[in-house]
Amino acid sequence: MRIIFAGTPDTAVPSLKRLHQDHEVLAVLTRAPAPVGRKRVLTKSAVHAYAEELGLPVLTPASLRKGEIRQQITELAPDAVAVVAYGLLIPPALLDVPRHGWLNLHFSLLPRWRGAAPVQYAIANEDAQTGTSVFQIEEGLDTGPVFDVEARRLTEDDTAGEVLATLAESGANQLARVLSALEAGEATSVAQTGEVTLAPRFSSHHTRIDWSLPASRISAQTRGWWPAPGAWTTLGGTRVKLAPVRVTEEILPAGSIRVGKNVLVGTGTTAVELGDVGPAGKSWMSADDWARGIALDGMAFDNEVKA
């Protein structure tokens, strides 16, 4: 199969690697280099860097709506375009250019969690499972017919980073398998059915902890938003970042802090035990070390939740 690969972050690299083994990758579409870190160093995407290692042509248009990139894609004449976390909207005029269209590897069990952050929302909302779907891209947001689905059970210890890394590897094989089936004329797709939920882009504004929620939900949120952008709270108006927390059987008032063998915080049900914390202006440290540095016992986190 002659394909173009479109992807940007680390989670797209396994698919590029796998497809390069089984198919002819004509070129790679990825986001243009962007400033990274405090020094704002212009940095290529993970897919960009890996594509150059493979010696593949790399295209970094700021938009797919310009005539130049449409002409480039048309001249390459791909059988299909494989998409994994690319990040740019695909205009309708480009969808029919490849013979088999554009196929997307999406990290959820569609139609649940359509959008940019499906694994994060699945974990933060205490879903029992997540998975991957390979579907045909059409004009709607993640609405196209599905070729293949693979489910993965979620545990009470899973973080978004860990699950994404696992799904990126298994999904790469799944995407390669669907493309091979298309090439052989054996692939079939079915329309999405079931409840539609959305997983839009989020920022730290959305990941502040509400201590009145049940402990299980707070634990799920700290794991769902980990490692980025990360859950957080405030103490005396100063932000404190939170790594994943653990549910206990202790009872404390919501938001109140108790320091003993560990650092506990009350919730709407039972208390949670803090893991690592990131105080404002400081490196990550264990909650125990943080507690030894200031008199935390008896204090309480602020609980002004967003509107």
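Residues numbered from 1 in each chain as written. Predicted model: local features only at pLDDT ≥ 70, side-chain atom pairs only at ≥ 80, totals over all residues. Heavy atoms only, no water.

## Focus on the side chain of Gln 120
Part 1: As for its placement among the helices and strands, Gln 120 is situated in helix 5 (residues 118–124).
Part 2: Overall, the relative accessible area of 13% leaves Gln 120 in the buried class. (Helix = DSSP H or I, 4+ residues; strand = E, 2+ residues; numbered from the N terminus. Buried < 20%, exposed > 50% of the residue type's maximum accessible area, 1.4 Å probe, protein only.)

## What about the sheet that holds strand 7 (residues 102–106)?
Part 1: Ordered by their spatial adjacency, seven strands build an open sheet running 5-2-1-6-7-9-10, and the pairing between neighbours is mixed. Two strands close off the open sheet at either side, each with one partner strand: strand 5 (58–59) and strand 10 (146–153).
Part 2: Direction of pairing for strand 7 relative to strand 9 (residues 129–136): antiparallel, over a ladder of four bridges. Within strand 9, the position partnered with Leu 103 by the bridge is Gln 136.
Part 3: Helix 6 (residues 160–183) contacts strand 1 (2–7), strand 6 (80–84), strand 7, strand 9 and strand 10 of the sheet and is inclined by roughly 155° relative to strand 10. (Pairing = 2+ DSSP bridges. Contact = heavy atoms within 4.5 Å. Axes fitted to C-alpha atoms, helices over the stretch in contact; angles between N-to-C directions.)

## Quick notes on the domain arrangement of the chain
Part 1: Annotation of the chain at the domain level lists domain 1 (2–199) and domain 2 (204–302).
Part 2: Spacing between the C-alpha centres of domain 1 and domain 2 amounts to 34 Å.
Part 3: Counting residues at the interface gives 13 residues for domain 1 and ten residues for domain 2.
Part 4: Of the roughly 890 Å² buried between domain 1 and domain 2 on both sides combined, carbon and sulfur atoms contribute 54%. (Domains from an automatic or database assignment. Buried area = accessible area lost by both parts, 1.4 Å probe.)

## Some points on the pairing of strand 18 (residues 276–279)
Part 1: Across three bridges, strand 13 (residues 238–242) lies against strand 18 in antiparallel orientation. Bridged to Val 240 within strand 18 is Pro 279.

## Some thoughts on the sheet that holds strand 17 (residues 272–273)
Part 1: On the basis of which strands lie adjacent, the open sheet formed by four strands has the order 14-17-16-15 and antiparallel pairing. Edge positions in the sheet fall to strand 14 (246–247) and strand 15 (257–259), since each has one partner strand and no second.

## Some remarks on the UniProt feature "binding site: (6S)-5,6,7,8-tetrahydrofolate" (unreviewed entry) in the chain
Part 1: Here the UniProt feature "binding site: (6S)-5,6,7,8-tetrahydrofolate" (unreviewed entry) sits at Ser 108, Leu 109, Leu 110 and Pro 111.
Part 2: Relative to the helices and strands, Ser 108 resides in the loop between strand 7 and strand 8 (114–115).
Part 3: Owing to a relative accessible area of 1%, Ser 108 belongs among the buried residues under this scheme.
Part 4: Of note is the side chain of Ser 108, whose polar atom sits 2.6 Å from the backbone oxygen of Arg 112.
Part 5: By the element assignment, Leu 110 lies in the loop between strand 7 and strand 8.
Part 6: Not counting chain neighbours up to four residues away, the residues in contact with Leu 110 comprise Ser 133, Phe 135, Asp 142 and Gln 192. (UniProt positions renumbered as here; feature names shortened; annotations may be inferred. Polar contact = N/O pair within 3.5 Å; in protein donor to acceptor, adjacent residues only side chain to side chain.)

## Some words on the UniProt feature "domain: Formyl transferase N-terminal" (unreviewed entry) in the chain
Part 1: Per the UniProt record, "domain: Formyl transferase N-terminal" (unreviewed entry) is annotated on residues 1–179.
Part 2: Along residues 1–179 one finds 33% helix and 27% strand; the C-alpha atoms at either end are 7 Å apart.

## What to know about the packing of helix 1 (residues 13–22) against helix 6
Part 1: Remark: helix 1 packs on helix 6, axes separated minimally by 8 Å, with the N-to-C direction vectors making an angle of 35°. For the crossing formed where helix 1 meets helix 6, the hand is right-handed. Together, Pro 14, Ser 15, Arg 18, Leu 19 and Asp 22 of helix 1 and Ala 168, Glu 169, Gly 171, Ala 172, Asn 173, Leu 175, Ala 176 and Leu 179 of helix 6 make up the contact between the two elements. (Left-handed = near helix turned anticlockwise from the far one by under 90°.)

## Quick word on the packing of aromatic side chains
Part 1: Taken as a whole and judged by the stated rule, the model has seven aromatic pairs.
Part 2: Residues Tyr 121 and Trp 225 carry aromatic rings whose centres are separated by 5.7 Å and whose planes lie at 90° to one another, so their mutual orientation is edge-to-face. Taken as a pair, Tyr 121 in helix 5 and Trp 225 in the loop between helix 7 (215–224) and strand 12 (231–235) lie far apart in primary sequence, 104 residues in all. Summarising the burial analysis for this pair, Tyr 121 and Trp 225 share the class buried. (Phe/Tyr/Trp six-rings, centres within 6.5 Å; stacked < 30°, edge-to-face > 60°.)

## As for unusual backbone geometry
Part 1: A cis amide bond links Trp 226 to the next residue, Pro 227, at an omega of 10°.
Part 2: Position of Pro 227 relative to the elements: it lies in the loop between helix 7 and strand 12.
Part 3: For the peptide bond that leads from Ala 228 to Pro 229, omega is 0°, which places it in the cis range.
Part 4: Considering the arrangement of structural elements, one finds Pro 229 in the loop between helix 7 and strand 12.
Part 5: Not every positive phi belongs to a glycine, and Ala 77 is a case in point at roughly 50°.
Part 6: Mapped onto the elements, Ala 77 comes out in the loop between helix 3 (67–76) and strand 6.
Part 7: The phi torsion at Ala 85 lies on the positive side, around 50°, for a residue other than glycine.

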